[in-house]
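Below are the chains, spelled out letter by letter.
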Amino acid sequence: AQSVTQLDSQVPVFEEAPVELRCNYSSSVSVYLFWYVQYPNQGLQLLLKYLSGSTLVESINGFEAEFNKSQTSFHLRKPSVHISDTAEYFCAVSDVGYSTLTFGKGTMLLVSP
Amino acid sequence: EAQVTQNPRYLITVTGKKLTVTCSQNMNHEYMSWYRQDPGLGLRQIYYSMNVEVTDKGDVPEGYKVSRKEKRNFPLILESPSPNQTSLYFCASSREVPVYEQYFGPGTRLTVT
């Protein structure tokens, strides 16, 4: 069975500082990995995903995540955050060939001026 | 506009009074799913459907029912709601199976007193 661990429930950071949100997963098979973002009072939106190929994936708004198979991790990074990045971020995993997504408990990114 | 809609957005009800939360998508997606979101627990899958007349249990199906009679609709039914079903509910749909990306509705906040 797959599972996802997001160790940090909340990450406070100042505007323009770098940030890393950590995600580790466990699975006995090959996986697809996702980061979803939830802005206040909204549903979730896909931020980026790893399916295959390059282990470094990027989003259109400057986030990136790197799939590390040996460490079973998929950490999310941004070199310089904005106030508008304040949101809850969810890591999710899906076993290849299966039909369900398992979400982590989420990390609240709080960006202050 | 491609979207997933849910109704109602907010609902306060009493224990034992049957209710239905509707979900509809206009993207001709095969896969649809219901999640509940609770503080500190992230998103947990209730039920999912891979196509019309095909439904399956997720991680927390107790107390819920679903049906998929049409491709676009996937209602969530609580036959006898209880206070522990107070939560934020999200419907989601996806183009393909296995799941590559899910599109989420805006959420339904349910309070059972």
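Scroll up to find the structure this text is about.
Quick caveat, the model's predicted, so the values are computed rather than measured.

(A) Seen up close, the overall build of chain A. Assigned secondary structure in chain A consists of 0 helices and 12 strands. Going residue by residue from the N terminus, the α and β elements of chain A occur as β-β-β-β-β-β-β-β-β-β-β-β. Against the compact-globule benchmark of 13 Å for 113 residues, chain A has a radius of gyration of 13 Å, which places it among compact chains. Principal-axis analysis of the C-alpha atoms places the extent of chain A at approximately 45 × 30 × 25 Å. Taking all 113 residues of chain A together, the buried fraction comes to 46%. Counting only contacts in chain A whose residues sit at least 6 apart along the sequence, the fraction spanning at least 24 positions is 57%. Accessible surface, chain A: about 5,500 Å² in total, of which carbon and sulfur atoms supply 51%. Across chain A, 6 positive and 10 negative side-chain charges occur, with their mean positions spaced 8 Å apart.

(B) Structural context of the overall build of chain B. The secondary structure content of chain B amounts to 0 helices and 11 strands. Traced from its N-terminal end to its C-terminal end, chain B shows the element sequence β-β-β-β-β-β-β-β-β-β-β. For 113 residues, the compact-globule estimate of 2.2 N^0.38 gives 13 Å, and the C-alpha radius of gyration of chain B, at 13 Å, lies within 12% of that figure. The dimensions of chain B, computed from C-alpha atoms along their principal axes, are 35 × 30 × 25 Å. Of all 113 residues assigned to chain B, the portion counted as buried reaches 50%.

(C) Broad picture of the interface of chain A and chain B. The interface is formed by 22 residues belonging to chain A together with 21 residues belonging to chain B. Regarding the contact of chain A and chain B, the summed buried area is about 1,600 Å², with carbon and sulfur atoms giving 57% of it. Taken together, the links from chain A to chain B amount to 0 salt bridges. Taken together, chain A and chain B are joined by 2 residue pairs in polar contact (both at pLDDT 80 or more). When residues of the side of chain A that touches chain B are traced back to their parent elements, those giving at least two are β5 (31-38), β6 (44-50) and β10 (87-95) of chain A. With 4 residues, the single largest contributor to the side of chain A that touches chain B is β5 of chain A. Tallied by class, the residues present in the side of chain A that touches chain B amount to 10 nonpolar, 9 polar and 3 charged.

(D) Summary view of the pattern of salt bridges. All names here are of chain B. If you walk through the whole model with that rule in mind, you get 6 salt bridges over all chains. A salt bridge links D38 to R36; its shortest N-O distance comes to 2.9 Å. Given the relative accessible area of 10%, D38 is considered buried. With a closest N to O distance of 3.0 Å, E79 and K65 form a salt bridge. A residue pair is termed long-range when its members are at least 10 positions apart, and E79 in the loop between β8 (76-78) and β9 (87-94) and K65 in strand β7 (residues 65-66) qualify at 14 residues.

(E) Layout of the state of the cysteines. Under the criterion given, the structure shown has 2 disulfides over all chains. In this model, C23 of chain A is linked to C91 of chain A through a disulfide, with the two sulfur atoms separated by 1.9 Å. One quick way to see it: the torsion about the S-S bond of C23 of chain A and C91 of chain A is about -65 degrees, and its sign makes the bridge left-handed. Note that C23 of chain A is positioned in the loop between β3 (19-21) and β4 (24-26) and C91 of chain A in strand β10, a separation of 68 residues in sequence. An identical accessibility class is assigned to C23 of chain A and C91 of chain A; each is buried. One disulfide in the model links C23 of chain B with C91 of chain B; its S-S distance is 1.8 Å. Between C23 of chain B and C91 of chain B the disulfide shows an S-S torsion of about -70 degrees. By sign, it is left-handed. Of this pair, C23 of chain B sits in strand β3 (residues 19-25) while C91 of chain B is found in strand β9, placing the two residues 68 residues apart along the sequence. On the basis of relative accessible area, C23 of chain B is assigned to the buried category, the value being 1%.

Conventions and cut-offs
- Residues numbered from 1 in each chain as written.
- Chains lettered and ligands numbered in written order.
- Predicted model: local features only at pLDDT ≥ 70, side-chain atom pairs only at ≥ 80, totals over all residues.
- Heavy atoms only, no water.
- Helix = DSSP H or I, 4+ residues; strand = E, 2+ residues; numbered from the N terminus.
- Rg over C-alpha atoms; globule rule 2.2 N^0.38 Å.
- Buried < 20%, exposed > 50% of the residue type's maximum accessible area, 1.4 Å probe, protein only.
- Contact = heavy atoms within 4.5 Å.
- Areas by Shrake-Rupley, 256 points an atom, 1.4 Å probe, with all protein chains shown as cover.
- Lys, Arg positive; Asp, Glu negative; His and termini not counted.
- Charge placed at Lys NZ, Arg CZ, Asp CG, Glu CD.
- Buried area = accessible area lost by both parts, 1.4 Å probe.
- Salt bridge = Lys/Arg side-chain N within 4 Å of Asp/Glu carboxyl O.
- Polar contact = N/O pair within 3.5 Å; in protein donor to acceptor, adjacent residues only side chain to side chain.
- Nonpolar A, V, L, I, M, F, W, Y, C, P; charged D, E, K, R; others polar.
- Disulfide = S-S within 2.5 Å.

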